[in-house]
Structure formats: C-alpha cells, structure tokens
Amino acid sequence: DRLLQEKGRLERTGEDLQQQLKVLAIITTLRSEEAQIIVRIQELEITIRRKQQDQQAKYLEALALLEKHTLSLLRNDSTLNYEAFFSTARQLAINPATNSYALDGRNQFSASSVTLLKNSIHFALLFASLEREFFRYPRFILCDNMEDKGMKPERSQNFQRAVVALSQ
C-alpha cells in the first residue's frame, strides 16, 4: 500500500512537473512575443515621430510659400498707392484651423484691400500648390470677386497682371 501510495505521489508529481513545463513554455513564448511587440511599438513610435516632424516641416514650408506669394502680390498693389501698409508688410499669419489671417498682426483694412488680400492668399495657395506636390489642394482656382467691394478697375487689372506674371 505504501509503495502504491508512493508510486501515485511520484506519478502525480511528474504530471505536475509536465504541466509546469507546458506553462513555462507558454510563458517563454509569450515573453518572446511581448519583446517583439515592444520592439514593434518602439519602431512605430519612431515612424510616427518622423512623420509628424515631416508633416510639421511641410506645414511650415507651405506657410512660408503662402507668405512669399501673398506678399509679392500685395507689394505689386502698393505701386498704385491704395494701401501703403501692403508695401511694408513683412509677415502673413494664416490659421487654417480658424480660417483667419493677419498681415503683420493686422486684418482690418478697407473693403477693397480686404478683397485684394483674400484674393492674394487664394492665388498664393494655388501657386504654392503648383510648386510643391505635398499640397492637398486642387491646382485650380475660380475667382469671381476681383471687382467686388469697391475695387477700382485699375487696381483689379493691376492685380490680374501680377497673377499673370506669376503664372508665367
């Protein structure tokens, strides 16, 4: 009886050890998978950071192009002496999230100057999108408000000539 009990106890111990080996194999596999997942997460985080940095760089490049083209169009208008502020403007701030803009911190101008400023920004967006492929903007513009808000014909025509010159 005692030997049978000892045999049963040893068999049970062997079965328990076999079960523990299976659990240990599963734990080892899971730890290996966890390490692979951690590495993959780190790779993805690096990729995400790079893409965010690339996106930020493109955003800043886009704003710089918009500013360059807008200021160029506005400076052309200053030859007619309608809005002296346009000739000295140095910085265009555009916030696409709020659909707002400011020229050297100012966005209050005469109605015709606001029309010219908005059109300059729209055309600057078109020209910038033609220069850089990363713009998600149709390379097309339909602008029917060049003579709106008290815009004088010579001012509108001057703007149109500037657009044509930039187009070439």
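Calculation rules
Residues numbered from 1 in each chain as written. Predicted model: local features only at pLDDT ≥ 70, side-chain atom pairs only at ≥ 80, totals over all residues. Heavy atoms only, no water. Helix = DSSP H or I, 4+ residues; strand = E, 2+ residues; numbered from the N terminus. Rg over C-alpha atoms; globule rule 2.2 N^0.38 Å. Buried < 20%, exposed > 50% of the residue type's maximum accessible area, 1.4 Å probe, protein only. Contact = heavy atoms within 4.5 Å. Areas by Shrake-Rupley, 256 points an atom, 1.4 Å probe, with all protein chains shown as cover. Pairing = 2+ DSSP bridges. Core = buried A, V, L, I, M, F, W, Y, C linked by side-chain atoms within 4.5 Å. Salt bridge = Lys/Arg side-chain N within 4 Å of Asp/Glu carboxyl O. Polar contact = N/O pair within 3.5 Å; in protein donor to acceptor, adjacent residues only side chain to side chain. Axes fitted to C-alpha atoms, helices over the stretch in contact; angles between N-to-C directions. Parallel < 35°, antiparallel > 145°, perpendicular 65-115°, else oblique. Nonpolar A, V, L, I, M, F, W, Y, C, P; charged D, E, K, R; others polar.

## Observations regarding the overall build of the chain
- In terms of helices and strands, the chain carries four helices and two strands.
- Taken from the N to the C terminus, the helices and strands of the chain come in the order α-α-β-β-α-α.
- Against the globule reference of 15 Å for 168 residues, the chain gives a C-alpha radius of gyration of 34 Å, more extended than a compact globule.
- Dimensions along the principal axes, computed over C-alpha positions, put the chain at roughly 120 × 30 × 25 Å.
- Scored against the burial criterion, the 168 residues of the chain give a buried share of 26%.
- Relative to all contacts within the chain whose residues are 6 or more apart in sequence, the contacts with residues 24 or more apart total 56%.
- Summing over all exposed atoms, the chain offers an accessible surface of approximately 12,000 Å²; the carbon and sulfur share of this is 54%.

## What to know about the pairing of strand 2 (residues 100–103)
- Bridging between strand 1 (residues 92–95) and strand 2 involves four bridges; their strand directions are antiparallel. Residue pairing in the sheet places Ile94 in a bridge with Tyr101 of strand 2.
- The antiparallel pairing of strand 1 with strand 2 creates a hairpin that spans four residues between the two strands, and Asn99 there sits at a positive phi of about 55°.

## A short note on the nonpolar core
- One finds Phe86, Leu103, Leu117, Phe123 and Phe159 to be the most contacted residues of the largest nonpolar core, which totals 28 residues.
- For this core, the leading source of residues is helix 3 (residues 111–131), giving nine residues.
- Apart from residues lying up to four places away in sequence, Leu117 is in contact with Thr70, Leu74, Phe86, Tyr101, Leu103 and Phe109.

## Quick notes on the pattern of salt bridges
- Scanning the model with the defined rule gives ten salt bridges in all.
- One salt bridge in this structure joins Arg12 and Glu15, with 3.3 Å as the shortest N-O distance. Of this pair, Arg12 and Glu15 both sit in helix 1 (residues 2–77), separated by three residues, roughly a single helical turn.
- Owing to a relative accessible area of 48%, Arg12 belongs among the partly exposed residues under this scheme.
- Note that Lys58 and Asp54 form a salt bridge whose closest N and O atoms lie 3.4 Å from each other. Taken together, the residues span about one helical turn, with Lys58 and Asp54 both in helix 1 at a distance of four residues.
- Here the salt bridges do not stand alone but share partners, grouping Arg12, Glu15 and Asp16 into one network.

## Considerations on the side chain of Arg155
- Relative to the assigned elements, Arg155 resides in helix 4 (residues 153–167).
- Within the structure, the side chain of Arg155 is placed 2.9 Å from the side chain of Ser112, a separation counted as a polar contact.
- For Arg155, the residues in contact, after removing those within four places along its chain, are Asp77, Leu80, Tyr82, Glu83, Phe86, Ser112, Ser113 and Leu116.

## Here's the deal with unusual backbone geometry
- Of note in this structure, Asn99 is not a glycine but carries a positive phi near 55°.
- When you line up the elements, Asn99 lands in the loop between strand 1 and strand 2.
- Here Asn99 falls in the exposed class, since its relative accessible area comes to 69%.
- For Asp104, which is not glycine, the phi torsion reads 50° and is therefore positive.
- Inspection of the secondary structure assignment puts Asp104 in the loop between strand 2 and helix 3.
- The class of Asp104 is partly exposed, set by a relative accessible area of 34%.

## What to know about the packing of helix 3 against helix 4
- Contact geometry of helix 3 with helix 4 gives a least axis separation of 12 Å together with a crossing angle of 10°. Relative to helix 4, the element helix 3 is oriented roughly parallel. Residue-level contacts link Ser112, Ser113, Leu116, Asn119, Ser120, Phe123 and Phe127 of helix 3 to Arg155, Phe159, Val163, Leu166 and Ser167 of helix 4.
- In the contact of helix 3 with helix 4, the residues fall into six nonpolar, five polar and one charged.

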